[in-house]
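Results of the structural survey
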Amino acid sequence: MKNQGLGGEAKGSVWDLLVIGGGATGLGVAVQAALEGRRVALVEARDFAAGTSSRSTKLLHGGVRYLAQGRWRLVREALRERATVLGLAPHLAQPLAFVVPGRGWWSWAWTGLGLKAYQWLSGRMSLGPTTALSKQALLRCLPGLPRMVAGAVAGMRYWDGQFEDARLALALAKTARQAGASVHNHMRVTALAPSAQGWQVTLFNERDGQTSTLQARCVVNATGVWVDALRQMVLQPWAGQEPVKSLVKPSQGVHLVVARESLPIQEAVLIPRTADGRVLFAVPWLGATVIGTTDTPSSDAPLEPLPMQEELDFLFRETRQALGVDLTRADVRSVWVGLRPLVKSTHSAQGGATSQMSREHLIRREAPGLFTVTGGKWTTYRSMATQVMQAVVAQDDLPPVAQGSGKTAEHRLVGAPDVAQAVHAISEAPGLHLWGSEAALVQALPGADHDLGMGLTEAMVRFAARSEWALTVEDMLARRWRALFLDARQAARMAPAVAALLQAETGLDPQLDAFLALCQRYTLAD
């Protein structure tokens, strides 16, 4: 697969829709519009899911804690979408059991009631029963956490969803391409202005340094936590002296990754209320254990946010107090930070707290043919995309399509294996199974037996370069293969061999030095 610019491709023609942003939301919109038969292009300034969409807690969930906030509609929609996504890509999204310890009988009963309501809301889309666990049963579920079990009176088990977020985003990009969309990473919007055809967009191709323009009848700003920067660029000239009011308040979430033997669990653990009222997760993922997450207001939105010391202290302290596991900085193999695009509201909690802010999304028409979509969460990407296209049609910015087209709830994603085919658990170490039905295509390439580390083969790198838009070492080792997120030091050791392969495949600079510097940011100093 060659990464070509959009300028020549679109010369003399007008696109129906340009989506700006290659995260979950933007990719979902591109899939929806392409399956509706529209002429669609998507551009992403960095790489698909390079921002928030690859830095989640790896859970497809309805949001248990939102029940206590009274957001029943939000939870029910997310539970419905959870079931849908699990069916679209079963090799990348699967049910996962969660165990919740109760430290007192009252808290255990109250938690159980909430979890029963959670299952009731899911109805026929339930992933499994919610059951009470005696202290003995709790120990059988979590034999590696005896100190935590000793402090509990009983427990509960419920079911939710788990996924591999970066590769699910990639599956969406492939599905959009297969449906006819023109999909591009490393392509940045530098100007956006109204034109006779709708909007004229100037693009800078990071691959070759070339600038091009295209015309689109409609543009969707789906740049996540960075939507306000694009809005400022487009809307400020019209606003005059009045500043463009921002829509998003970023919230920072920090995750630690440790070896499975350091925190040995086969089922996820949820602590619904820590000492300061926050939620703590420990999730088995790709052979390791992920601990998270914090929820800290952020005053800015850097591309690579860093964890604050108080966030690290919180995670270490609560892992010790709530889970009974003493971790040191040396135990942490990777630490990553994601920024959530929380929609600003007059009803937000006082004091700037973000843990109580809504995860609901916002779709806003900024001008004729220009829409912003932000907020929400991974689980509801598909319903958000459907609503975006409905809004575009309702505003007469694009004509309606034939009834029955664009049924994304039934369109399985590229790579989804046959229904009868056995799939590997997401909690297992990464392997060829993450390519699903494309695994045979990977194996057919040179180097299928040459392991570069952590199960990554030379053939996987070649396939990512030829068919999955991988250009840089970061593209490959952060998102096509999650080495950076699993073990940053090991990722650095693998990087030179991966760089050599990418350069041979693409003829471009794979930016090895930049990736090695990035590995340092994902590593905690001892």
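Residues numbered from 1 in each chain as written. Predicted model: local features only at pLDDT ≥ 70, side-chain atom pairs only at ≥ 80, totals over all residues. Heavy atoms only, no water.

Remarks on helix α2 (residues 24-35)
- Over its 12 residues, α2 runs 16 Å from end to end, which matches the ideal 16 Å to within 8%, given 1.5 Å per residue.
- Along α2, 11 of the 12 residues are buried, which leaves the element largely enclosed by surrounding structure.
- All of the buried residues in α2 are Ala24, Thr25, Gly26, Leu27, Gly28, Val29, Ala30, Val31, Gln32, Ala33 and Ala34.
- Along its buried surface, α2 packs onto β1 (14-20), β2 (40-43), α8 (165-178), β18 (370-375) and α11 (381-394). (Helix = DSSP H or I, 4+ residues; strand = E, 2+ residues; numbered from the N terminus. Expected span 1.5 Å × (residues − 1). Buried < 20%, exposed > 50% of the residue type's maximum accessible area, 1.4 Å probe, protein only. Contact = heavy atoms within 4.5 Å.)

Brief notes about the pattern of salt bridges
- Tallied over the entire structure, the rule returns 31 salt bridges.
- We note a salt bridge from glutamate 36 to arginine 38, for which the minimum N-O separation is 2.9 Å.
- For arginine 38, a relative accessible area of 9% puts it in the buried group.
- Glutamate 474 is the partner of arginine 46 in a salt bridge, and the nearest nitrogen-oxygen pair spans 3.8 Å. You can see arginine 46 sitting in the loop between β2 and β3 (59-60) and its partner glutamate 474 sitting in helix α14 (residues 473-480), a full 428 residues away along the chain.
- A single network of salt bridges, built from pairs that share partners, joins Arg46, Asp47, Arg55, Glu304, Glu474, Asp475, Arg479 and Arg480. (Salt bridge = Lys/Arg side-chain N within 4 Å of Asp/Glu carboxyl O.)

Describing the environment of histidine 255
- The topology assignment puts histidine 255 in strand β11 (residues 248-259).
- C-alpha of histidine 255 to C-alpha of valine 335: the two residues are 80 residues apart in sequence and 5.7 Å apart in space.
- One polar contact links histidine 255 to threonine 57, side chain to side chain, over a distance of 2.9 Å. (Polar contact = N/O pair within 3.5 Å; in protein donor to acceptor, adjacent residues only side chain to side chain.)

Details of the side chain of glutamine 162
- Position of glutamine 162 among the secondary structure elements: in strand β6 (residues 154-163).
- At 2.4 Å, the side chain of glutamine 162 and the backbone oxygen of proline 284 are in polar contact.
- Residues contacting glutamine 162, with those up to four places away along its chain left out, are Lys58, Leu59, Leu60, Leu92, Ala93, Gln94, Leu96, Val283, Pro284, Trp285, Ile426 and Ser427.

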